[in-house]
Amino acid sequence: AFYVCFLGVCGGEFSILRSPQSVVFRDGSWPIPGERIPDVAALTMGFSVEEDLPWPGLAVGDLFHRPRATVLVTVKGVDKLPVKGFSYPIENAVPFSLDSVANAIHTLFSEETPVVLQLAPSEERVYMVGKANAVFEDLSVTLRQLRNRLFQDNSILSSLPLNSLSRNNEVDLLFLSELQVLHDIASLLSRHKHLAKDHSPDLYSLELSGLEEVGKRYGEDSQQFKDASQILVDSLQKFADEMFNLYGGNAVVEVVAVKEFNSPLSRKTRSILQASQPKTENPYNLAYPYNYDYSVIFNIVLWMMIGLALAVIVISYNLWNMDPGYDSIIYRMTNQKIRMD
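These lines cover the structure that appears in this document, whether it is placed above or below. Since the model is a prediction, treat every value here as computed from it, not as a measurement. (Residues numbered from 1 in each chain as written. Predicted model: local features only at pLDDT ≥ 70, side-chain atom pairs only at ≥ 80, totals over all residues. Heavy atoms only, no water.)

Some details on the overall build of the chain
For step 1, the next point in the chain: Scanning the chain for helices and strands turns up nine helices and nine strands.
For step 2, the next point in the chain: Within the chain, the proportion of its 341 residues that are buried is 44%.
For step 3, the next point in the chain: When contacts within the chain are restricted to residue pairs at least 6 apart in sequence, long-range pairs at least 24 apart make up 76% of them. (Helix = DSSP H or I, 4+ residues; strand = E, 2+ residues; numbered from the N terminus. Buried < 20%, exposed > 50% of the residue type's maximum accessible area, 1.4 Å probe, protein only. Contact = heavy atoms within 4.5 Å.)

A word on the side chain of Ser 200
For step 1, the next point in the chain: Topologically, Ser 200 is positioned in the loop between α5 (194-197) and β8 (202-208).
For step 2, the next point in the chain: Among the polar contacts made by the side chain of Ser 200, one reaches the main-chain carbonyl oxygen of Thr 113 at a distance of 3.4 Å.
For step 3, the next point in the chain: Within the structure, Ser 200 has its side chain in polar contact with the side chain of Asp 198 (distance 3.2 Å). (Polar contact = N/O pair within 3.5 Å; in protein donor to acceptor, adjacent residues only side chain to side chain.)

Digging into the pairing of strand β9 (residues 251-258)
Side chains on a regular strand alternate between the two faces of the sheet.
For step 1, the next point in the chain: With eight of eight residues buried, β9 lies mostly within the body of the structure.
For step 2, the next point in the chain: By the alternation rule, side chains of β9 split into Ala 251, Val 253, Val 255 and Ala 257 and Val 252, Glu 254, Val 256 and Val 258, which are all buried.
For step 3, the next point in the chain: Of the pairings in the sheet, the one linking strand β2 (residues 13-18) to β9 comprises five bridges and is antiparallel in character. From the neighbouring strand, Phe 14 faces β9, where its bridge partner is Val 256. (Pairing = 2+ DSSP bridges.)

Some words on the nonpolar core
A general feature of soluble globular proteins is that nonpolar side chains tend to end up buried together.
For step 1, the next point in the chain: If you look at the biggest cluster of nonpolar residues, it comprises 56 residues, and the most contacted ones within it are Leu 81, Phe 175, Ile 185, Tyr 204 and Met 243.
For step 2, the next point in the chain: The dominant element in this core, judged by the number of residues it contributes, is helix α4 (residues 170-191), at eleven residues.
For step 3, the next point in the chain: Of all hydrophobic cores here, the second largest spans 29 residues; its members include Met 45, Leu 53, Phe 96 and Val 101. (Core = buried A, V, L, I, M, F, W, Y, C linked by side-chain atoms within 4.5 Å.)

Have a look at this one:
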């Protein structure tokens, strides 16, 4: 299934534009914690999470038919978008990333051709991993590439109604270039449809901040901001439909609309030259934190040892009570006089 999500932080909204029948979302106004949105993406794709997600919005679907793709689009600068589909309010709107889902796909399907694409055009931040991402090497990722792409003959400027937006304003061009990226992703995938038909799941995570810059430049009550919002909604709906159809209806499309995050997204990094710090002893002699895999590992080891012990006992008993007279012909050939039958 393919999902496109718009996540809203600080009064934001999490919307499901398209989803297959194997993934069931319930209609309701249940709030979703912002930090658990990656877990929703992982569960819909059939991956496990460290902590249970007691959120009523996601029901148990068909466990044997998982989506082949998940698309998550984060829109900054607005806390709500009038998109079609189920929508849920977001509480504790904090930054999130789909790195855990990307790592799970890359680990489990490294020998196949999964598409793992995480892109933030306005920040020139891109992350691609896997054999299939060679298809997206020509995708515009820098600001200069985005600007040049807009003024090519086959760009969206030739078909998109700009209304009050201008081709001569850098802020407007940044907003339009992000929409161009959405169009180019669907276009590249349509030319390489084998990527959407393989058995490995795909992940698309896009962060759009052009609308936020339009609001800062003209104001949220301006005609430019209203036109940009409507253009964005139409483009997202079209992008969701195209991706959903390219994956044969087996994709989830989710949208996250967020006014602003409560705190900046920080990633833990460590220099390769950094000296290792000595571990400090626990002054209170506390136990290690509980591992959720402990019970699984304990049962595997316990029953495996019991099975091996029983196997050794049964084999030893049968060997001890073996009758040489009923042994194989190799044993009988050692007699000097061979019985002729």
